[in-house]
Amino acid sequence: MISFDKIRKEAEQLAGGADELAARMPALKSDEELRAIPAADYFSAMSFRIFSTGLNQTMVRNKWPAFEEAFHGFEPSKVAFMTEDDIADLMENIAIIRHLGKIHATHHNAITLVEIAKQHGSVGDYIADWPTDNIIGLWDELKTRFKQLGGNSSPYFLRMMGKDGFILTPDVVAALNKLKIGNGKLSSKKDRASVQAAFNDWHEETGLPYAHLSRILAIWMG
C-alpha cells in the first residue's frame, strides 16, 4: 500500500503548504475531555445531527434554543419520561421542526442514553473508552442502539463531539477507491474492515489522529 507520507506531501502542495494543511485539520478532544462532557451535550448534538439531516443547518441552528427548551435541556432522564401526550404537544410547537419520526427517535434515544450511562458509568465514558482502531464498530453500535443514526450521521455526531475517527465523505471514499482499498460506496462489511485496517496502518505509520488522516485524504482527492 502507498505510504501515507507521499499522500500527505501531495496534500500539502494542494493546500498551499504544510501550515495551511495543518490549519484545515479538525479539532479533537482528549479522552479526559470526552469524559467530562455532560450527557445533555451529547444528546443535544446527536439530536441536532438528526433534525438537521437534509435541511439547512443554519435554519436548524437558529431554532435550537427552542429545541433545548422543548426537550428539557436535552437531559436524557427527563426526555425519557416523556409521554405520548407530551409528544403530541411537541407536534403543536411551531418553534421547532415538527417531524414525528424524529421526535419519537429523540424519545427513544433518551432512553438509550440512560441505559448506556447505567452500563458504562456515563455517556462520556462510553464514547471515550471505545477504541479508535475499531471506530466502525462504534458506528454500527450507535446505528443499532439509537434511531436515525445510520449512514454518516454517527460519524458526524462523533466528530461534532471531538471523538477521533475518520468519516467516509465522498472525497474520502473516492480516495480509498483510487487506492484500491475496497470498492464502490464501501458499505459492505468486507470493505469496511479493509478501510479500518488501512487507517490503522496509516495511524501506526504516521502517529496522526484518524480524523486528520481522513481530512488529508479528502484534500488529496479533492
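What you see is a predicted model; the values in this text were computed from it and never measured.

## Digging into the overall build of the chain
Next, step 1: Along its length, the chain carries 14 helices and zero strands.
Next, step 2: Across the chain, helices and strands are ordered from the amino to the carboxyl terminus as α-α-α-α-α-α-α-α-α-α-α-α-α-α.
Next, step 3: Taking 222 residues into account, the globule formula puts the C-alpha radius of gyration at 17 Å, and the chain, at 19 Å, falls close to it.
Next, step 4: Burial status across the chain gives 45% buried among its 222 residues.
Next, step 5: Taking the contacts inside the chain whose residues are at least 6 apart along the sequence as the reference set, 65% of them involve residues at least 24 apart.

## Remarks on the nonpolar core
Next, step 1: Within the largest apolar cluster, 68 residues are counted, with the highest numbers of intra-cluster contacts made by F71, F166, L168, L176, F199, W202 and L217.
Next, step 2: Setting aside residues no more than four positions away along its own chain, F166 makes contact with I135, I136, W139, P155, R159, V195, Q196, F199, Y210, A211 and S214.

## Some points on the packing of aromatic side chains
Next, step 1: According to the stated counting rule, one finds 15 aromatic pairs in the structure shown.
Next, step 2: Ring geometry for F51 and F71: centres 6.4 Å apart, planes at 50°, overall tilted. Residue F51 is located in helix α4 (residues 39–52), and its partner F71 is located in the loop between α5 (57–70) and α6 (76–80); the two are separated by 20 residues in the primary sequence. This pair shows no difference in class: F51 is buried, exactly as F71 is.
Next, step 3: Here the aromatic rings of Y126 and W130 are separated by 6.3 Å at their centres, their planes lie at 75°, and the arrangement is edge-to-face.
Next, step 4: Residue classification places Y126 among the buried residues on the basis of a relative accessible area of 3%.
Next, step 5: Ring pairing ties together the aromatic residues F43, F48, F51, W64, F67, F71 and F74, which thus form one cluster.
Next, step 6: Against the face of W220 rests K178, its NZ or CZ located 4.7 Å from the ring centre.

## Regarding unusual backbone geometry
Next, step 1: Non-glycine residue F74 carries a positive phi angle of around 55°.
Next, step 2: Residue class for F74 comes out buried when judged on its relative accessible area of 0%.
Next, step 3: The residue L186 is not glycine, and still its phi comes out positive at about 60°.
Next, step 4: Its place among the elements puts L186 in the loop between α12 (170–178) and α13 (189–206).

## A look at the environment of A15
Next, step 1: In this fold, A15 is placed in helix α1 (residues 4–15).
Next, step 2: Between the C-alpha atom of A15 and that of Q119, which follows or precedes it by 104 residues, the distance is 44 Å.
Next, step 3: When residues no more than four places from it in sequence are discounted, the contact partners of A15 are E20, L21, R24 and I219.

## Remarks on the packing of α4 against α5
Next, step 1: For the pair α4 and α5, the least separation of the axes is 10 Å and the interaxial angle reads 135°. What the angle tells us is that α4 and α5 run oblique. In the packing of α4 onto α5, the handedness of the crossing is right-handed. Contacts from S44, S47, F48, R49, F51 and S52 of α4 reach α5 at Q57, V60, R61, W64, F67 and E68.

Definitions and limits used
- Residues numbered from 1 in each chain as written.
- Predicted model: local features only at pLDDT ≥ 70, side-chain atom pairs only at ≥ 80, totals over all residues.
- Heavy atoms only, no water.
- Helix = DSSP H or I, 4+ residues; strand = E, 2+ residues; numbered from the N terminus.
- Rg over C-alpha atoms; globule rule 2.2 N^0.38 Å.
- Buried < 20%, exposed > 50% of the residue type's maximum accessible area, 1.4 Å probe, protein only.
- Contact = heavy atoms within 4.5 Å.
- Core = buried A, V, L, I, M, F, W, Y, C linked by side-chain atoms within 4.5 Å.
- Phe/Tyr/Trp six-rings, centres within 6.5 Å; stacked < 30°, edge-to-face > 60°.
- Lys NZ or Arg CZ within 6 Å of the ring centre and 35° of its normal.
- Axes fitted to C-alpha atoms, helices over the stretch in contact; angles between N-to-C directions.
- Parallel < 35°, antiparallel > 145°, perpendicular 65-115°, else oblique.
- Left-handed = near helix turned anticlockwise from the far one by under 90°.

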